[in-house]
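Now for the letters of each chain:
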Amino acid sequence: YVFTTLLNGVFSMLQVLLIQGITFGLSPFVFALGDDAFADFISGIQFLPTTIMMVHLCPAGSEGASYAMFTTVNNSAYTLSAAISTVMLGIWDVSKETLMSGDVSGMTKLTILTTFIQVSGVLFVKLLPRTKEDLASLHADQYSGSKVGGFIFLTITFLSILYAVVVGVLNIVKPGWAGESR
């Protein structure tokens with residue numbers, strides 16, 4: 001997981017080279033296409049160990065419902081990240097006019113920031129269980145199956161989905177509402 005996260009960060013940092021026009025002789029389109037394809041492939045590989053760990057934590061007989069919830073959370077996180085990135089466009093000037101004038105410093109800074117945020121998940125890897133025994137002890141914990149924890153989890157999930165929907169609708173109805181370029 002750590003290796004694929006860091007590798008995904010490397011591919012994300014390649015976007016800085018693309019922004020600067022350094023594509024190693026490839027057309028910018030081909031360079032960007034390869035970057036995107038590898039990033040999607042790595043994300044798929046990252047999904048597998050997380051899913052396996054989640055399956056071991058879920059109660060027997062509810063694996064399907066647990067997988068559906070995990071997939072929903074994963075997809076809502078992806079949608080939420082896109083909504084948050086739209087809001088982050090206002091941090092540095094990445095307007096069309098600025099980019100057309102040749103000033104790509106804001107885009108470069110934003111790409112570096114989002115790459116660091118993207119790979120920051122490796123800081124929390126030590127919190128994950130290391131062995132099947134650790135998973136079993138986590139499952140047997142007195143707080144496993146907590147109704148309060150479940151409520152908090154579902155509330156955060158649904159509020160994330162709601163936020164992403166609101167940002168998406170605002171982007172359609174009122175472009176530039178967050179200060180980004182139109």
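What you see is a predicted model; the values in this text were computed from it and never measured. (Residues numbered from 1 in each chain as written. Predicted model: local features only at pLDDT ≥ 70, side-chain atom pairs only at ≥ 80, totals over all residues. Heavy atoms only, no water.)

## Some details on the overall build of the protein
- Of the regular secondary structure elements, the protein holds seven helices and zero strands.
- Shown N-terminal to C-terminal, the secondary structure of the protein runs as helices and strands in the order α-α-α-α-α-α-α.
- In terms of overall dimensions, the protein has C-alpha extents of about 60 × 40 × 25 Å along its principal axes.
- Counting over 182 residues, the protein shows a buried share of 23%.
- A separation threshold of at least 6 residues defines the contact pool for the protein, and within that pool the share at least 24 residues apart is 64%.
- Taken as a whole, the protein presents about 12200 Å² of accessible surface, with 71% of it coming from carbon and sulfur. (Helix = DSSP H or I, 4+ residues; strand = E, 2+ residues; numbered from the N terminus. Buried < 20%, exposed > 50% of the residue type's maximum accessible area, 1.4 Å probe, protein only. Contact = heavy atoms within 4.5 Å. Areas by Shrake-Rupley, 256 points an atom, 1.4 Å probe, with all protein chains shown as cover.)

## Digging into the layout of surface pockets
- Taken as a whole, the largest pocket encloses approximately 2200 Å³ of empty space.
- Together, 50 residues line the largest pocket, and Asn-8, Ser-43, Gln-46, Asn-74 and Gln-118 are the ones closest to its centre.
- Elements represented by at least two residues in the lining of the largest pocket include exactly α1 (2–20), α2 (28–57), α3 (63–88), α5 (105–119) and α6 (132–139).
- Each residue belonging to the lining of the largest pocket can be placed in one class, and the counts come to 27 nonpolar, 18 polar and five charged. (1 Å grid on protein atoms, 1.4 Å probe; cavity = no way out; pocket = protein on both sides within 12 Å on 5 of 7 lines; lining within 4 Å. Points joined across faces, edges and corners; volume = space filled by probe spheres on them. Nonpolar A, V, L, I, M, F, W, Y, C, P; charged D, E, K, R; others polar.)

## Describing the confidence of the model for the protein
- Of the residues in the protein, 95% reach a pLDDT of 70 or more, and the chain-wide mean stands at 81.
- Mean pLDDT across the elements of the protein ranges from a minimum in α6, with 75, to a maximum in α5, with 89. (pLDDT = per-residue confidence, 0-100.)

## Describing the side chain of Thr-111
- By the secondary structure assignment, Thr-111 is in helix α5.
- A relative accessible area of 6% means that Thr-111 is categorised as buried.
- With residues up to four places along the chain from it excluded, the contact list for Thr-111 reads Ser-12, Gln-15, Val-16 and Ile-19.

## Focus: the packing of α3 against helix α7 (residues 147–173)
- Running from amino to carboxyl end, α3 crosses α7 at an angle of 40°, the nearest separation of the two axes being 9 Å. With respect to α7, the axis of α3 lies oblique. As α3 runs across α7, the sense of the crossing is left-handed. Here Met-69, Thr-72, Val-73, Ser-76, Thr-79, Leu-80, Ala-83, Ile-84, Thr-86 and Val-87 of α3 lie close against α7, whose contacting residues are Phe-153, Leu-154, Thr-157, Ser-160, Ile-161, Tyr-163, Ala-164, Val-167 and Asn-171.
- Residues of the contact of α3 with α7, tallied by class, amount to twelve nonpolar, seven polar and no charged. (Axes fitted to C-alpha atoms, helices over the stretch in contact; angles between N-to-C directions. Parallel < 35°, antiparallel > 145°, perpendicular 65-115°, else oblique. Left-handed = near helix turned anticlockwise from the far one by under 90°.)

## Digging into the environment of Leu-113
- Along the chain, Leu-113 falls in helix α5.
- Overall, Leu-113 belongs to the partly exposed group, its relative accessible area being 27%.
- Each C-alpha atom of the pair Leu-113 and Leu-89 lies 11 Å from the other, and the pair is 24 residues apart in sequence.
- Apart from residues lying up to four places away in sequence, Leu-113 is in contact with Met-88, Ile-91 and Trp-92.

## A look at a nonpolar patch on the surface
- A contiguous nonpolar patch, built from Phe-153, Leu-154, Phe-158, Ile-161, Val-165, Val-169, Ile-172 and Val-173 and spanning about 750 Å² of accessible area, is present on the exposed surface.
- For Val-165, a relative accessible area of 48% puts it in the partly exposed group. (Patch = residues over 30% accessible without salt bridge, like charges linked within 9 Å, V, L, I, M, F, W, Y side chains within 5 Å. Salt bridge = Lys/Arg side-chain N within 4 Å of Asp/Glu carboxyl O.)

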